[in-house]
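So the chains spell out like this:
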Amino acid sequence: MPTNVIMPQMGESIFEGTITKWLKKAGDTVQKDEPLFEISTDKVDAEIPSPVTGILSEIRVPVGATVEINAVVAVIGGALSASTPAPAAATQPASIPAASVLAAQPVVSASTQPQLASTQPQLTSTQAVRSSPLVRRIARENNLDLSQIAGSGSDGRITKEDVLLHLSQHGPGSSAPQAELAAPQAPASSEVVPLSRMRAIIAQRMVESKQISPHVHSVYKVDMTRIVRLREREKARFEQQHGVKLTYMPFIAAAAVQALTKFPIVNASLENGSIHYHPNINLGIAVALEWGLIVPVIKQAEERSFLGLARAVADLAARARAKKLQPDEASGSTFTLTNSGIFGEEFGTPIINQPESAILAIGGLRKEPVVLTDAEGNDTIAIRSVQYFCLGFDHRTIDGADAGKFMGEFKRALETWDRQIG
C-alpha cells in the first residue's frame, strides 16, 4: 500500500514549512529513516527521514514551495507518477494551533525580504537577497551591497557570519560620491518589514499567553561559586572521559529537575478547569540559532543522571544547529529553561510557554562583592560568582508560596552542590 509522506511539525508553534531540497528523486529506492528531504521554517532547518522503506513514486511538492503541516509532500509505494509536481502555496489555516512559543528570546524572521532603503547608494541591487534584518542593518551601517556577498545559509541565505567575514576580508564599502554628499540631504526613509505569518502568530500567542495566564515573576540571586570552582576543576577530565563539554546548563537543569520533583505543581498544567500533574518532567531548553529559535525537549529528565543530562543538552543543541532534530524532539515540554543571560543581561522576565505553568530564565553569570556571615555572626566581604534566575509562573495554578519553595530548593541545590558529576 502507498504511504503518504507529510510535512512534519517542527515544534509546537510551527504550522508550515518550505521544501529546500529533495535528497531523492521519483523512482529512487529509499530506506526507512534515510534522509528524504530538507525543510526550512522560521525557527529550524532540518532533514526529514523517510517513514518507510520503498520506492519514492511521487513528489507532490517541489523545491521552494511552502505547505502547512500534515500536508502530503510525497508518496512512497504504488505506481510511479509521471505528472510534474505543481507548487503548493500555503494558505491561512482556519484555526491556529493552541500551543504557544517561547518568547524570552528574539526570533529573527527572514520570510519577507524587502529591498534595502533606496537612500543608500551602495545598496541598489534589485536582486532578491535572503537575509535577516540584523544582516541588513550591518550592511547599511557599513555601505555593503548584499548581492555581492555569498550566503552560506539555507537556500543561499546570508548569515551574520557571512557579512562579518566579508567585512574582515574587504572592509566597509566606499562612501557615497562627493557630489552626492554635497547635495541637499533627503529625509532618511525607514525600513518597513511586514510581519511574516510566523511572526504574526508568535505575536498573537504571546498576547494570548499574557491574557490567559496571570503572570508573576520572582527573581532569586544564587551564589554559583561552588559550581564555578567545581566546573573549572573538573571540565578537562569530564570532557576527556565522556566526550562532552562540561557547561553550566546541566548543573542548572539538574537543580531544576530536583526542585520540580519536590514541587510538582510547578511542572503541572491547567487543562479544562483541572490541574494536570504530568507523570514526567519534560525539560525544554531554548537553543538560539542564527535563523531563529527552537526549544528541544529532554523527555523524562527526572530519570537521567547528571551525565545523562549533560549528554542530552549537548546532543540536542548540536543536532538543532545541524538540522538533525526529529519533529517530536521539539514538542511536549512541561517546563522550560531559557538562557537569556548569554546575551549579557542581568535577568529576563519571560512569558510562559502555554500550556505550561512556569518558565525559568537564566541570567548572566558575574562576580560581585557579597557579605558573608560565619557561624559566630561575623561579617566579611568576599568576591563571589553570582547569577540571577527569574521564575515566571501562572498564578492560577501556582501560588507565591509554592514558587518560593521551588526557587528555594533550586537555589539550595546549586549553592550546596554535593552530587557526583560522573
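Please refer to the structure placed before this passage.
Residues numbered from 1 in each chain as written. Predicted model: local features only at pLDDT ≥ 70, side-chain atom pairs only at ≥ 80, totals over all residues. Heavy atoms only, no water.

A word on the pattern of salt bridges. Overall, the coordinates contain 18 salt bridges when judged by the stated rule. Where Lys245 meets Glu239, a salt bridge forms, and the shortest distance between an N and an O atom there is 3.4 Å. With its nearest N and O atoms 2.7 Å apart, the salt bridge here joins Asp394 to Arg396. When its relative accessible area of 1% is taken as the criterion, Asp394 is described as buried. When its relative accessible area of 40% is taken as the criterion, Arg396 is described as partly exposed. Sharing partners across several salt bridges, the network here consists of Arg231, Glu232 and Lys235. (Salt bridge = Lys/Arg side-chain N within 4 Å of Asp/Glu carboxyl O. Buried < 20%, exposed > 50% of the residue type's maximum accessible area, 1.4 Å probe, protein only.)

This part takes up the nonpolar core. Within the largest apolar cluster, 58 residues are counted, with the highest numbers of intra-cluster contacts made by Phe335, Leu337 and Phe410. Tallying contributions element by element places helix α6 (residues 249–262) first for this core, with 10 residues. If we skip the residues at most four places from it in the chain, Phe410 touches Ile252, Ala255, Ala256, Ala259, Leu360 and Phe389. In this structure, Met10, Ile59, Val61 and Val67 belong to the second largest nonpolar core, which totals 20 residues. (Core = buried A, V, L, I, M, F, W, Y, C linked by side-chain atoms within 4.5 Å. Helix = DSSP H or I, 4+ residues; strand = E, 2+ residues; numbered from the N terminus. Contact = heavy atoms within 4.5 Å.)

Moving on, we come to the side chain of Gln354. Following the sequence through the fold, Gln354 ends up in the loop between β16 (335–338) and β17 (358–373). Residue classification places Gln354 among the buried residues on the basis of a relative accessible area of 9%. Engagement of the side chain of Gln354 in a polar contact is seen with the side chain of Ser209, the distance being 3.0 Å. (Polar contact = N/O pair within 3.5 Å; in protein donor to acceptor, adjacent residues only side chain to side chain.)

All right, on to the sheet that holds strand β5 (residues 45–49) then. Reading across the sheet, the 4 strands line up as β5-β4-β2-β7 and stay open at both edges, with antiparallel pairing between neighbours. Each having just a single partner strand, β5 and β7 (66–68) make up the two edges of the open sheet. Between one strand axis and the next, the sheet turns by 40 degrees as a mean value, whatever way the strands run. Across 3 bridges, the pairing between strand β2 (residues 16–22) and β7 is antiparallel. In the sheet register, Thr18 faces β7, and the bridge partner there is Thr66. (Pairing = 2+ DSSP bridges. Axes fitted to C-alpha atoms, helices over the stretch in contact; angles between N-to-C directions.)

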